[in-house]
Amino acid sequence: MEKFMFSVLIIGLATFVMPWVSILSKKAGISYSIFYLLAGILIYSVFPEFLPSPLPSQNSTAILHLTELIVIISLMGVGIKIDLPFSFKTWSFPLRLVFIAMPLCIIVAVLFGYYLLGLNLAAAILLGASLAPTDPVLASEVQVGPPNEPDNSFPKFILTSEAGINDGMAFPFTWLAITVGLINIKGETTLLQWFSYHFIYQIIGGIVLGFILGKGAGYLVFDFSKKNKILERLDGFLAISLTLLVYGITEALHGYGFIAVFVCALTFRHYEKKHKYHNSIHSFTGQVEKIFVAVLLLLLGGAIAQGILDFLTWEMMIFTFSYLLLIRPISAYLSLLGTDLHFWEKLIVVFFGIRGIGSLFYLSFALNEVAFDSENELWSLVTFSIAMSILIHGLTVSPAIRYLKKKSDTSN
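J.: Is there a simple way to explain the overall build of the chain in this structure?
T.: On a plain count of helices and strands, the chain comes out with 16 helices and zero strands. For 412 residues, the compact-globule estimate of 2.2 N^0.38 gives 22 Å, and the chain sits close to it at 21 Å. Along the first, second and third principal axes, the C-alpha set of the chain runs to 60 × 55 × 50 Å. Across the 412 residues of the chain, 55% fall into the buried class. The contacts in the chain between residues at least 6 apart in sequence include a share of 82% that link residues at least 24 apart. Of the roughly 18100 Å² of accessible surface on the chain, 68% is carried by carbon and sulfur atoms. Averaging the coordinates of the 25 positive side-chain charges in the chain and doing the same for the 26 negative ones gives two points 13 Å apart.

Laid out in structure tokens, this is it:
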């Protein structure tokens, strides 16, 4: 059988069984991501000759754009389901995680990478930037539910909004790694240029364009459609169209598309917060996202089976577990000092800093921009970190959420 046809068969099977896998994962108390990761390892171990190579060295562009597409669709879904409107007081918790905990994690990762793992400065910065964002895709179990769901807890809001914000805010640090790499190779750019353009202009551009486009979409869908009944019947696929449109416009104007998509989704949601159309959008984006995630997890498992971890060392393994179990939790806990969160709520928030699709994208993006030393080592390390995050957080998420709900019920 041709590789394409066999791939179609596997994708069809993987997405067809998704409802049953979701039910099984809930009963077993295990994230569905684990099942698909293991399935990818098994399939590529048994049928490698019938499937396309999952290794980044052979399909770097495809992996870059697949991860890019998954993240922007997920960011639209995340923004749509956040009930709490933006205010600096309410959102101070995720903002602390993004502007205090995330830079702390990056700094510590850079130090580990440079002094312990023997990476050069550019590669060490890229390691920190790649592992910086928490994942809005694989972290669905610890995020808020559908729009206007009554039992959404505050820790879930914090984790959801953090994932929405930091998937865009990690971009300047990825560009910092690229900038340092370019300085070392050609000396054609400067840190001042990085700060003024990649840090200031592109962040502000993403926020402004996301807000304007979100307001415009809200007007067309909720105000204009009331006056023109021809637009009353709207389907959930509009969310995908809006995602691509906002991302494309923002990137064309050199803003950060990830930031714009999330801000647009949040603005659109709160243009008319209680409208039932948000549930259609949330449902549709969730279904599309799951299809892509299933495919990517199979490829991730396949990459593991095909040797992407061959360059992994004991020092890298020590760093990975230190990062997941110590560096992220301690940095996040320090960022939340002085807040009125209960201790058990803080533990939930600081522990579930799940690494995932965003890390793959940022690493792919940087390696497509400039040549880095230790490219194979970076792929091994980031892939291992994601796999361990999927296993550790995927096995603990259900007990943690049950404990969270029990504590919430007790306090009420």
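Past the structure itself, the notes keep going.
J.: Honestly, the packing of helix α4 (residues 60-81) against helix α11 (residues 257-271) in this entry has me stumped. Any pointers?
T.: Each pair of packed helices can be summarised by the angle the axes make with each other and by the distance between the axes. α11 packs onto α4 with a crossing angle of 25° between their chain directions and a minimal axis gap of 7 Å. The pairing of α4 with α11 is recorded here as roughly parallel in orientation. Where α4 crosses over α11, the two elements pack in a sense that is right-handed. Residue-level inspection shows Glu68, Val71, Ile72, Leu75, Met76, Val78, Gly79, Ile80 and Lys81 of α4 in contact with α11, the latter providing Phe258, Val261, Phe262, Ala265, Leu266, Phe268 and Arg269.

J.: Explain the side chain of Gln202 to me, please; I cannot follow it from the model alone.
T.: Relative to the helices and strands, Gln202 resides in helix α9 (residues 191-227). Apart from the residues within four sequence positions on either side, Gln202 is in contact with Trp175, Tyr197, His254, Gly255 and Tyr256.

J.: Just to check I follow, could you spell out a nonpolar patch on the surface for this structure?
T.: Taken together, the side chains of Phe99, Ile100, Leu104, Phe321, Leu325, Leu326, Ile330, Leu334 and Leu337 define a hydrophobic patch exposed on the protein surface, amounting to about 770 Å² of accessible area. Breaking the nonpolar patch down by element, the ones donating at least two residues are α5 (92-116) and α13 (314-335). Broken down by element, the nonpolar patch gets its largest block of residues, five residues, from α13. Relative accessible area serves as the criterion here: at 47%, Ile330 is assigned to the partly exposed category.

J.: Help me out: how do you make sense of helix α1 (residues 3-16) in this one?
T.: In an α-helix, one turn spans 3.6 residues; hence positions three or four apart end up facing the same way. The terminal C-alpha atoms of α1, which comprises 14 residues, lie 20 Å apart, in line with the 20 Å expected from a rise of 1.5 Å per residue. Along α1, the residues that are buried comprise Phe6, Ser7, Ile10 and Ala14. Taken end-on, α1 shows its buried residues confined to a sector of 100°, consistent with a single buried face. In α1, the exposed positions angled more than 90 degrees off the buried face are occupied by Phe4 and Phe16. In this structure, the buried residues of α1 make contact with α2 (18-28), α3 (32-46) and α12 (277-305).

J.: I would appreciate a short explanation of the pattern of salt bridges in the present structure.
T.: When their charged atoms lie close together, side chains carrying opposite charge are able to pair. According to the stated counting rule, one finds two salt bridges in the structure shown. Residue Asp83 is joined to Arg269 by a salt bridge in which the shortest nitrogen-to-oxygen separation is 2.8 Å. In this pair, Asp83 is assigned in the loop between α4 and α5 and Arg269 in helix α11, connecting sequence segments 186 residues apart. The pair formed by Asp83 and Arg269 is uniform in burial state, with each residue classed as buried. Arg328 is the salt-bridge partner of Glu162, the closest N and O atoms lying 2.6 Å from each other. Of this pair, Glu162 sits in helix α7 (residues 154-169) while Arg328 is found in helix α13, placing the two residues 166 residues apart along the sequence. Note on accessibility: Glu162 and Arg328 belong to one class, buried.

J.: Any chance you could explain the environment of Ser389 here in plain terms?
T.: Structurally, Ser389 is set in helix α16 (residues 375-411). We classify Ser389 as buried; its relative accessible area is 0%. For the pair Ser389 and Phe321, spaced 68 residues apart in sequence, the C-alpha separation works out to 9.0 Å. Residues contacting Ser389, with those up to four places away along its chain left out, are Leu324, Ile354, Arg355 and Gly394. At 2.8 Å, the side chain of Ser389 forms a polar contact with the side chain of His393.

J.: Before we go on, may I ask you to explain the nonpolar core in this structure?
T.: Note on soluble globular proteins: their nonpolar side chains tend to be buried together. Grouped together as the largest cluster of nonpolar side chains are 129 residues, with contacts concentrated most on Tyr36, Leu127, Phe258, Phe319 and Phe372. With 14 residues, α16 is the single largest residue contributor to this core.

J.: What am I meant to see in the packing of aromatic side chains here?
T.: Within a pair of aromatic rings, the relevant descriptors are the distance that separates the centres and the angle that separates the planes. Per the counting criterion, the structure on display carries 35 aromatic pairs. Centroid distance Phe86 to Phe88: 5.2 Å. Interplanar angle 75°. Geometry classified as edge-to-face. On the numbers, 5.6 Å between centres and 50° between planes, the contact of Phe112 with Phe319 is tilted. Taken together, the residues Phe112 in helix α5 and Phe319 in helix α13 connect sequence positions 207 residues apart. Residue classification places Phe112 among the partly exposed residues on the basis of a relative accessible area of 27%. On the accessibility criterion, Phe319 (0% relative accessible area) is buried. Taken together through their ring pairs, the aromatic side chains of Phe171, Trp175, Tyr247, Tyr256, Phe258, Phe361, Tyr362 and Phe365 make up a single cluster. Over the ring of Tyr32 we find Lys290, and its NZ or CZ is 5.8 Å from the ring centre. Of note, Lys346 hangs over the ring of Tyr333, and the distance from its end group to the ring centre comes to 5.5 Å.

Cut-offs applied
- Residues numbered from 1 in each chain as written.
- Predicted model: local features only at pLDDT ≥ 70, side-chain atom pairs only at ≥ 80, totals over all residues.
- Heavy atoms only, no water.
- Helix = DSSP H or I, 4+ residues; strand = E, 2+ residues; numbered from the N terminus.
- Rg over C-alpha atoms; globule rule 2.2 N^0.38 Å.
- Buried < 20%, exposed > 50% of the residue type's maximum accessible area, 1.4 Å probe, protein only.
- Contact = heavy atoms within 4.5 Å.
- Areas by Shrake-Rupley, 256 points an atom, 1.4 Å probe, with all protein chains shown as cover.
- Lys, Arg positive; Asp, Glu negative; His and termini not counted.
- Charge placed at Lys NZ, Arg CZ, Asp CG, Glu CD.
- Axes fitted to C-alpha atoms, helices over the stretch in contact; angles between N-to-C directions.
- Parallel < 35°, antiparallel > 145°, perpendicular 65-115°, else oblique.
- Left-handed = near helix turned anticlockwise from the far one by under 90°.
- Patch = residues over 30% accessible without salt bridge, like charges linked within 9 Å, V, L, I, M, F, W, Y side chains within 5 Å.
- Salt bridge = Lys/Arg side-chain N within 4 Å of Asp/Glu carboxyl O.
- Expected span 1.5 Å × (residues − 1).
- Arc of directions from axis to C-beta.
- Polar contact = N/O pair within 3.5 Å; in protein donor to acceptor, adjacent residues only side chain to side chain.
- Core = buried A, V, L, I, M, F, W, Y, C linked by side-chain atoms within 4.5 Å.
- Phe/Tyr/Trp six-rings, centres within 6.5 Å; stacked < 30°, edge-to-face > 60°.
- Lys NZ or Arg CZ within 6 Å of the ring centre and 35° of its normal.

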